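Breakdown of the fold
Single-letter residue listing:
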Amino acid sequence: MRVQVAIIGSGPAGLLLGQLLHRAGIDAVILERQSREHVLGRVRAGVLEQVTVDLLDRAGVGERMHREGLIHDGIDIHFGGARHRIDFRRLTGKGVTVYGQTEITRDLMNARAAAGLATVYEAADVAIHDFDTDHPRVTYRKDGVSETIACDVIAGCDGYHGVCRASVPAAAVSTAERIYPFGWLGVLSDTPPVSPELIYNRHERGFALCSMRSRTRSRYYVQCSLDDSAERWSDEMFWDELRRRLDAKAAETLVTGPSIEKSIAQLRSFVAEPMRFGRLFLAGDAAHIVPPTGAKGLNLAASDVSVLAEALIAFFAGDAHGVDTYSARCLRRVWRAVRFSWWMTGLLHRFPDADAFAHKVQTAELDYLVGSEAAMTALAENYVGLAL
Ligand code: APR
Ligand code: PHB
C-alpha cells in the first residue's frame, strides 16, 4: 500500500489530521491498535477553546457540537467556603464550549467512514521505519497477516505510550517531566450538573472539580492519593467526599446517582522535544502531556494538528517552510499551556508535603487572584486559549 501520510493513532489528533488532509486532497491511512469501540469507550475531558471549535468547523465536523455543546462564559473557583466567578466573556470577550472528547472522536470517525477513508483498527505490532530518509515505511499485522505501507510522511498521533516517540533514537529527543503526587478520581453520572458552569474547588481535604457533559450528564473529580484504586471507592463514599469539598450551596444542591464510569487518572506534565524527526512528526499526547486542571490536553492536540495539516499541505505543494518550522511553532504554545496547567494544579491542589506556610501562600495567591482584575484576566486569557 502507498499513501502520502501514514497516521498512527485514531484518537482526536490522528482523526482530526486525517480529516483536514482529506479535505485538502491528501491521502492518508490511519492505523489504530485498539478497536473502534475501545477508542470510543474512553472517558476524557471536553472543554474546547474557540480556536478548537473553529478548527472542528473547518474540518466539517462541527454540526453536532454546535447543536449539543454548551457555551460557558466563565468558571467558578471555590475556596474558604466562598465561590468566585471568573467571567471569561467580560474579561476576554470569549467563552469555551463544553462538548465531550468522546463525542468529537465519534463525529470524526463517522465523517471518516462516510467519506470511505481507510482506518485499520486492531492493527498489531505497528512499527515505523526509515523516517530519517525520504522513503519512510510502516509495518503492522492485521488478522495475522503482515502488511507494509510506503509513505512520504509518518504522523505520530499515538499518544504517550505509543510506538512513534519510542522509535526515535534516545539521543535525538530530550524530555522534561513533572509527576504530581496525587491523582484524580473521576465519576460520570446521569445526574443534572450541580451548577450551570464548572466549579474548581480548593479544599483542605483536596481538590475537587464539578463538570458536565450535558444538562443531564455530570462529570465530577476528587483529588486522591496515587496509591488509591477506583474499586476502593463506593459511589456513596465518592458523593460524601465530594460534598465535603464543595461550598454550602453546591453541597445542598448536588444531585447524586449511580456512577456509569469511575476511574483514576495520574497527573503529569511531560514534553518531548523536538516534535519532528525527519519524515516523522509527533502531535498531541505523543509529544506532550498536561495535567487536566487547565483543560488544555485536547486543545493542544488540536492546535498541533492545525499547524501540521497546514505544513503538510504546503509540503506536498513543494513548500517545506511549514514542516521545517513545525516543531518550534508548536513547542512555543505547548510550553505556555504546560505552564498554565502546572500553575492551576499548584494553585488548587493539596500537596502531601505542604506545610502551614505553603498552605497560607496558596490561600494568599487565590485571594490575590479573585481580587485582581489583571490576575483574573490572565487566568481567563489562558483558559480560553488567547494567551497561548
Ligand atoms: N499502534 C497503533 N495505535 C496506537 C499505538 C500503536 N503502537 N499506541 C497507541 N495507539 C493509539 C491509542 O490506542 C489511541 O487510540 O493511539 C491513540 C492515541 O490517542 P490519544 O491518547 O487520545 O492521544 P491524542 O489523539 O493525542 O489526544 C490527546 O487525549 O488524553 C487526551 O488529554 C488528552 O485530550 C487529549 C487527547
Ligand atoms: C471534564 O469535563 O472532564 C474536565 C473539565 C475541565 C477540566 C478537566 C476535566 O479542567
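Before any of the text, the structure's been laid out above.
Described below are features of the structure shown in this document. (Residues numbered from 1 in each chain as written. Chains lettered and ligands numbered in written order. Predicted model: local features only at pLDDT ≥ 70, side-chain atom pairs only at ≥ 80, totals over all residues. Heavy atoms only, no water.)

1. Here we look at the overall build of the protein
The condition is simple: Runs of H or I in DSSP of at least four residues are treated as helices and runs of E of at least two as strands, each being numbered from the N terminus. Radius of gyration: C-alpha atoms only; globule rule: 2.2 Å multiplied by the number of residues to the exponent 0.38. Throughout, a contact is declared for two residues whenever any of their heavy atoms are within 4.5 Å. Using a 1.4 Å probe, accessible areas were evaluated by the Shrake-Rupley method; residue-level cover was limited to the displayed protein chains.
If you tally the helices and strands in the protein, you get 13 helices and 20 strands. Rg of the C-alpha trace for the protein: 21 Å, near the compact-globule value of 21 Å for 388 residues, within the 12% margin. Overall size of the protein, expressed as C-alpha extent along the three principal axes, is 60 × 40 × 40 Å. For the protein, the share of sequence-separated contacts (at least 6 apart) that also reach a separation of at least 24 residues comes to 71%. Of the roughly 16100 Å² of accessible surface on the protein, a fraction of 52% belongs to carbon and sulfur atoms.

2. Structural notes on the site of ligand 1
For clarity, the cut-off: A single heavy atom is enough: if one lies within 4 Å of a molecule or strand, its residue is considered near that molecule or strand. In the analysis that follows, any N or O atom pair within 3.5 Å is treated as a polar contact, provided that within protein one partner can donate a hydrogen and the other can accept it, and provided that, for residues neighboring in sequence, both atoms belong to side chains. Each residue gets one label: Ala, Val, Leu, Ile, Met, Phe, Trp, Tyr, Cys and Pro are nonpolar, Asp, Glu, Lys and Arg are charged, and the others, such as Gly, are polar.
Neighbouring ligand 1 are 25 residues; E32, R42, R44, Q101 and D285 lie closest to it. Contact between ligand 1 and A13: an oxygen atom at 3.0 Å from a main-chain N or O atom of the residue. A distance of 2.7 Å separates an oxygen atom of ligand 1 from a polar side-chain atom of Q101. The fraction of the free accessible surface of ligand 1 (710 Å²) that becomes covered by protein chains is 89%. Looking at the shell around ligand 1, the elements that each hand over two or more residues are α1 (12-23) and α10 (297-315). For the shell around ligand 1, the element with the highest residue contribution is α10, accounting for 3 residues. Among the residues forming the shell around ligand 1, the class breakdown is 10 nonpolar, 9 polar and 6 charged.

3. Points about the packing of helix α11 (residues 321-348) against helix α12 (residues 356-371)
Rule in force here: An axis is simply a line fitted to the C-alpha atoms; with a helix, the fit covers only the stretch in contact. Between two such axes, the angle follows the N-to-C directions and lies from 0 to 180 degrees. Oblique is the label for any angle not covered by the other classes, which are roughly parallel (under 35 degrees), roughly antiparallel (over 145) and roughly perpendicular (65 to 115).
Viewed as axis vectors pointing N to C, α11 and α12 meet at an angle of 115°, and their least axial separation amounts to 9 Å. By the angle class used here, α11 and α12 are roughly perpendicular. Residues W343, G346, L347 and L348 of α11 form the contact with α12, whose own contacting residues are Q362, E365, L366 and L369. Per-class residue counts for the contact of α11 with α12 are 5 nonpolar, 2 polar and 1 charged.

4. What to know about the pairing of strand β1 (residues 5-8)
Stated precisely, the cut-off is as follows: Between buried and exposed lies partly exposed: a residue is buried under 20% and exposed over 50% of the maximum accessible area for its type, with that area taken using a 1.4 Å probe on protein chains only. The pairing criterion for strands is at least two bridges between them, as found by DSSP.
Here β1 shows a buried face lined by V5 and I7 and a second buried face lined by A6 and I8. Examined bridge by bridge, β1 and strand β12 (residues 153-156) share 4 bridges and lie parallel to one another. What sits directly across from A6, in β12, is I154.

5. Some thoughts on the site of ligand 2
Within the structure, ligand 2 sits among 13 residues, and Y200, S211, R213, Y221 and P292 are positioned closest to it. Between ligand 2 and S211, the relevant distance is 2.6 Å, taken from an oxygen atom to a side-chain nitrogen or oxygen of the residue. Burial of ligand 2 by the surrounding chains reaches 99%, relative to a free accessible area of 270 Å². Looking at the shell around ligand 2, the elements that each hand over two or more residues are β15 (208-212) and β16 (218-224). Split by residue class, the shell around ligand 2 holds 9 nonpolar, 2 polar and 2 charged.

6. Overview of unusual backbone geometry
Of the consecutive residues E273 and P274, the connecting peptide bond is found in the cis state with omega at -5°. Positionally, P274 belongs in the loop between β17 (259-273) and β18 (276-277).

7. Section: the packing of aromatic side chains
Our working definition: Only rings of Phe, Tyr and Trp enter the pairing, Trp through its six-membered ring, and a pair is recorded when the two centres are within 6.5 Å. The plane angle decides the type: under 30 degrees is stacked, over 60 is edge-to-face, the rest tilted. Remark: a charge is flagged as sitting over a ring if the NZ atom of Lys or the CZ atom of Arg is within 6 Å of the ring centre and within 35 degrees of the ring normal.
For the structure on display, the rule yields 13 aromatic pairs. Between Y180 and F182 the ring centres are 6.2 Å apart and the planes differ by 25°, which places this aromatic pair in the stacked class. One exposure class covers both Y180 and F182, and it is buried. Lying over the aromatic face of Y160, R165 brings its terminal NZ or CZ to 4.9 Å of the ring centre. The aromatic ring of Y383 is capped on one face by K296, whose charged end is 5.8 Å from the ring centroid.

8. Looking at the state of the cysteines
Note the following rule: Count a disulfide wherever a pair of cysteine sulfur atoms falls within 2.5 Å.
Taken as a whole, this structure holds 0 disulfides when the rule is applied. No disulfide involves C164; its nearest neighbouring cysteine sulfur is the one of C157, lying 7.9 Å away. By relative accessible area, C164 is classed as buried at 0%. Free of any disulfide, C210 has its nearest neighbouring cysteine sulfur in C224, separated by 16 Å.

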